[in-house]
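# Survey of secondary and tertiary structure
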Amino acid sequence: LDFDLILENIKDLNSLVGEGISQIEHTPRGARLRRPEPLPLILYRNGIVVGHGAFRPYQHPATQQWLQDILDGYFPSELQPHYPDGV
């Protein structure tokens, strides 16, 4: 795996979804600015951990698809239903 390319593509995707930019959150008394919670990703020699989930070995088909989406420059399709605006 090309970890440098994975990290570069993640950085590009983060900038596309507005990393570091606050969003307006409506409250009963008005509104406030809040920053979206990031989704942690830990890369290991033999697998990944996404968020607070379980360890996922690189050999697992879902992990391979997740990484292939990133390598192709796309937001992981597995996350799109949960994060339609990116994360």
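Remember, it's a predicted structure, so these values are computed and weren't measured experimentally.

What follows covers the overall build of the chain. If you tally the helices and strands in the chain, you get two helices and five strands. Helices (α) and strands (β) of the chain occur, in sequence order from the N terminus, as α-β-β-β-β-β-α. If one aligns the C-alpha atoms of the chain with their principal axes, the spans along those axes are about 50 × 25 × 20 Å. Burial status across the chain gives 23% buried among its 87 residues. Carbon and sulfur atoms form 53% of the exposed surface of the chain, whose accessible area is close to 6500 Å². Each charge class in the chain was averaged separately, 7 positive and 11 negative side chains, and the resulting centres sit 12 Å apart.

The subject of this paragraph is the sheet that holds strand β4 (residues 47-50). Hydrogen bonding along the main chain pairs the strands of a sheet, whether they run parallel or antiparallel. Sheet architecture is open: three strands sit in the order β3-β4-β5, paired in antiparallel fashion. For this open sheet the edge positions go to β3 (41-43) and β5 (55-57), each flanked by a neighbour on one side alone. Each neighbouring strand pair of the sheet contributes to a mean axis angle of 25°, computed without reference to strand direction. As paired elements, β4 and β5 share three bridges and run antiparallel to each other. By the bridge assignment for β5, Val49 is matched with Phe55. Relative to the sheet, helix α2 (residues 61-71) contacts β3, β4 and β5, its axis offset from that of β5 by approximately 90°.

A word on the nonpolar core. Among the nonpolar cores identified, the biggest contains 11 residues, and these are Ile6, Ile10, Leu13, Ile48, Val50, Tyr58, Trp66, Leu67, Ile70, Phe75 and Leu79. At the level of secondary structure, the elements contributing two or more residues to this core comprise α1 (3-16), β4 and α2. Residues in contact with Tyr58, not counting those within four places in the same chain, are Leu1, Phe3, Leu43, Tyr44, Arg45, Asn46, Gly47, Ile48, Thr63, Gln64 and Leu67.

Now for the packing of aromatic side chains. In this description, a pair of aromatic rings is defined by centroid distance and the angle of the planes. Applying the stated criterion across every chain, the model contains two aromatic pairs. Both rings, one in Phe3 and one in Tyr58, keep their centres 6.3 Å apart while their planes meet at 55°; by these two values the pair is tilted. Of this pair, Phe3 sits in helix α1 while Tyr58 sits in the loop between β5 and α2, and the two are 55 residues apart along the sequence. Owing to a relative accessible area of 31%, Phe3 belongs among the partly exposed residues under this scheme.

The next thing to look at is α1. Taking 1.5 Å per residue as the helical rise, α1 with its 14 residues ought to reach 20 Å, and the 20 Å between its terminal C-alpha atoms agrees with that figure. Residue Asp2 occupies the N-cap position of α1, its side-chain oxygen lying 3.3 Å from the main-chain nitrogen of Asp4.

Turning to the confidence of the model for the chain, a few remarks are in order. Confidence in the prediction for the chain averages 86 pLDDT; 93% of positions are at 70 or higher. Element-level mean pLDDT values for the chain span from 84 in strand β1 (residues 23-27) up to 97 in β5.

Reading guide: rules and limits
Residues numbered from 1 in each chain as written. Predicted model: local features only at pLDDT ≥ 70, side-chain atom pairs only at ≥ 80, totals over all residues. Heavy atoms only, no water. Helix = DSSP H or I, 4+ residues; strand = E, 2+ residues; numbered from the N terminus. Buried < 20%, exposed > 50% of the residue type's maximum accessible area, 1.4 Å probe, protein only. Areas by Shrake-Rupley, 256 points an atom, 1.4 Å probe, with all protein chains shown as cover. Lys, Arg positive; Asp, Glu negative; His and termini not counted. Charge placed at Lys NZ, Arg CZ, Asp CG, Glu CD. Pairing = 2+ DSSP bridges. Axes fitted to C-alpha atoms, helices over the stretch in contact; angles between N-to-C directions. Contact = heavy atoms within 4.5 Å. Core = buried A, V, L, I, M, F, W, Y, C linked by side-chain atoms within 4.5 Å. Phe/Tyr/Trp six-rings, centres within 6.5 Å; stacked < 30°, edge-to-face > 60°. Expected span 1.5 Å × (residues − 1). Polar contact = N/O pair within 3.5 Å; in protein donor to acceptor, adjacent residues only side chain to side chain. pLDDT = per-residue confidence, 0-100.

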